[in-house]
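# Close look at the chain arrangement
In case you want the letters, here they are:
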There are 2 protein chains.
Amino acid sequence: MSTLSDSNRRKSPAERGAEISLAARQIALSDGLDALTVRAVAARVGVTPALVVHYQPSMSMLVAGTFGAIVAAEIDEVVAEIMGCPTTVLALGALIDTLLSPKRSAVTVIWLDAWSLGRRNPSLAAEVGRQMDAWQVFLVTLLRQGASGGEFVVADAPALAWQLLGIIDGLTAHATVRYGDAGRQRPLVRTIVEHELALPAGALTCAAES
Amino acid sequence: MSTLSDSNRRKSPAERGAEISLAARQIALSDGLDALTVRAVAARVGVTPALVVHYQPSMSMLVAGTFGAIVAAEIDEVVAEIMGCPTTVLALGALIDTLLSPKRSAVTVIWLDAWSLGRRNPSLAAEVGRQMDAWQVFLVTLLRQGASGGEFVVADAPALAWQLLGIIDGLTAHATVRYGDAGRQRPLVRTIVEHELALPAGALTCAAES
DNA sequence: ACTCTTGTTGATCAGGCGATCAATAAACTG
DNA sequence: CAGTTTATTGATCGCCTGATCAACAAGAGT
């Protein structure tokens, strides 16, 4: 990286701010949310710790913001990945497929850190709540879309949404911490969702194949 | 507590060691695993930080040990709670019932801390693995017992065991962090287990009533 | 009662953390 | 080119962490 020579230059607040946010995200993803310290960010950007503080209201805010940015980016990425599906059932299959993919373990680890750290960092806890809700809202929208389109029946979309999210998070967490590949849990999750939506068995499996 | 006057007395290694372990468990349960510092334990016991160090190989070992003790105690407690059930199906129902009870949220929080902290504390990571395996072994035993007794059919007990644990941990984690009472998820989990074990719908619900 | 073992202390080290503030220098403005 | 703004620095504070070590004293053994 030629960032080192560039970093000494005096930069606009926007540019420097973006640089700091980027470094924070990179540190969080590679070393965890609690490796996110003033000095670590400063070292990565190539500036003084004082400058990092100058650009951030507080460290706990930076942690919360970094977590939010990472998770929001993942939501966007997943939404984009699913948007192309012609039917909601296909979208649900693709959603399960991608959420239980091993490539998401980096973000899963961020979630684990956030759940733990959130107890001592109110800003982070608030952001965790916001992002969990964002996921839930997204899933509720998807479920209602399928229901109103007549693809399946859903009694309580909000409840089912966070049940499903809880299940997926639990399985990915276990896979990340100990049991390896979360991808092996796809059939189980498909079966659960098919059952809850009164879909024919295999409906979501076929969806994933296409 | 009159512990304060007692704590100045010179005690046997076993006695002092037990005192320290107890204090560590109490701190972990009330303030989280990372509030478990040499000074916090020392203050709670009423001795010098140096004495705590004298009794422990290292702080990361104390954290690992404390986590293990708390979780092992919970396993024992749950096992004792279930042991009385006349059939395995009833035991499974009782298991789901107690694991998704709000009273377990204190230990759920410990799990979240351990998953996060385990990445920087190898001793803790090893202990997390051991305790996750202990849970899985317990559940596998239960499932095989029911299968060999002809109560239900299970194809891959080890796989089903950790799927089930993942689901339950995910739902309790979500409930603890944001969505409140995990007890509302009992019907869902019962349905999933009934389906996976080819039990008639409602078999586990009736179990919980008795 | 005297000795010896060892539980216990107090002081202290080295390192990390977030945060503050005056001083510097680079870029923009007139 | 001179003057003003402000991005950036370096030094430093206060607090926390785990850990070490010589010195002390309580209790067990004789």
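Further up the page is the structure itself.
Overview of the structure. For clarity, every value in this text was computed on a predicted model and none was experimentally measured.

### A few points about the protein's contact with DNA strand C
By nearness alone, 20 residues border DNA strand C, and T37(A), V38(A), S58(A), V47(B) and A50(B) come closest of all. Contributing elements (two or more residues each) for the surface near DNA strand C: α3 (38–45) and α4 (49–55) of chain A together with α2 (13–31) and α4 (49–55) of chain B. Its residues placed into classes, the surface near DNA strand C shows 10 nonpolar, 4 polar and 6 charged.

### Things to note about the environment of V177(A)
Here V177(A) shows up in helix α9 (residues 157–179). As for V177(A) and T108(A), which are separated by 69 residues in sequence, their C-alpha atoms are 9.6 Å apart.

### Brief notes about the relation of the copies chain B and chain A
The two copies are related by a screw operation: chain B maps onto chain A through 180 degrees of rotation and 0.0 Å of translation along the axis, at an RMSD of 0.0 Å. Taken together, the rotation and translation describe the operation of a two-fold axis. In terms of proximity to the rotation axis, the leading residue of chain B is G170(B), whose C-alpha is 1.7 Å off the axis.

### Side note on the interface of chain B and chain A
Taken together, the contact between chain B and chain A spans 26 residues of the former and 27 residues of the latter. Looking at the side of chain B that touches chain A, the elements that each hand over two or more residues are α7 (105–117), α8 (122–148), α9 (157–179) and α10 (186–196) of chain B. Top contributing element to the side of chain B that touches chain A by residue count: α9(B), with 13 residues. A breakdown of the residues in the side of chain B that touches chain A according to their chemical character gives 13 nonpolar, 9 polar and 4 charged.

### Considerations on the environment of Q163(A)
Take Q163(A): it is sitting in helix α9. Exposure remark for Q163(A): the 25 C-beta atoms within 10 Å place this residue in the buried category. Along the sequence, Q163(A) and W111(A) sit 52 residues apart, while their C-alpha atoms lie 17 Å from each other. In this structure, Q163(A) is in contact with Q185(B) and L188(B), ignoring residues within four places of it in sequence.

### Considering helix α8 (residues 122–148) of chain A
Owing to its 3.6 residues per turn, the α-helix brings residues three or four apart onto one side. Taking 1.5 Å of rise per residue, the 27 residues of α8(A) would be expected to cover 39 Å, and the 38 Å separating its terminal C-alpha atoms lies within 8% of that figure. Where α8(A) is concerned, the buried positions are L124(A), E127(A), V128(A), Q131(A), M132(A), W135(A), Q136(A), L139(A), L143(A) and G146(A). Packing partners of the buried residues in α8(A) comprise α5 (59–83), α6 (88–99), α7 (105–117) and α9 of chain A together with α9 of chain B. Immediately beyond the C-terminal end of α8(A), within one or two residues, lies G150(A), with a positive phi of roughly 80 degrees.

### Points about the protein's contact with DNA strand D
As a structural note, the neighbourhood of DNA strand D is formed by 20 residues, with V47(A), A50(A), T37(B), V38(B) and S58(B) the closest of them. Elements that contribute at least two residues to the surface near DNA strand D include exactly α2 (13–31) and α4 of chain A together with α3 (38–45) and α4 of chain B. Across the surface near DNA strand D, the residue classes break down as 10 nonpolar, 4 polar and 6 charged.

### Observations regarding the nonpolar core
For soluble globular proteins, nonpolar side chains are generally found buried alongside one another. F67(A), A114(A), F67(B) and A114(B) are the most contacted members of the largest nonpolar core, which totals 111 residues. In contact with A114(B), not counting residues within four places along its chain, are L33(B), F67(B), L124(B) and V128(B).

### Comments concerning unusual backbone geometry
All names here are of chain A. In the Ramachandran plot, A198 falls in the positive-phi region, its phi being about 55 degrees despite a non-glycine side chain. Residue position: A198 is located in the loop between α10 (186–196) and α11 (203–209). Under the C-beta neighbour-count criterion, A198 is labelled exposed, with 11 such atoms within 10 Å.

What counts, and at which threshold
Here, residues in each chain are numbered from 1, in the same order as that chain's written sequence. Here the convention is simple: chains get letters from A, ligands get numbers from 1, in the order in which they are written. Confidence filtering applies because this is a predicted model: local features only for residues at pLDDT of at least 70, side-chain atom pairs given and counted only at 80 or more, and all residues used for totals across whole chains, interfaces and linings. The rule is simple: place the C-beta atom from the backbone, and if it lies within 6 Å of a molecule or strand, the residue is near it. Helix numbers and strand numbers start at the N terminus; a helix is a DSSP run of H or I with at least 4 residues, a strand a run of E with at least 2. We call Asp, Glu, Lys and Arg charged. Ala, Val, Leu, Ile, Met, Phe, Trp, Tyr, Cys and Pro are nonpolar, and the rest, Gly among them, are polar. Only residues with pLDDT of at least 70 in both copies count here: their C-alpha atoms drive the least-squares fit that superposes the copies. Contacts are defined on C-beta atoms placed from the backbone: any two residues whose C-beta positions lie within 7 Å are in contact. Three exposure classes are used, all based on how many other C-beta atoms lie within 10 Å of a residue's own C-beta (placed from the backbone): buried at 20 or more, exposed at 12 or fewer, and partly exposed between those limits. Here the expected length of a helix is defined as 1.5 Å per residue gap, with one fewer gap than residues. Working definition: the nonpolar core is a set of buried Ala, Val, Leu, Ile, Met, Phe, Trp, Tyr and Cys residues, joined through C-beta atoms within 7 Å.

That is the geometry; function is a separate question.
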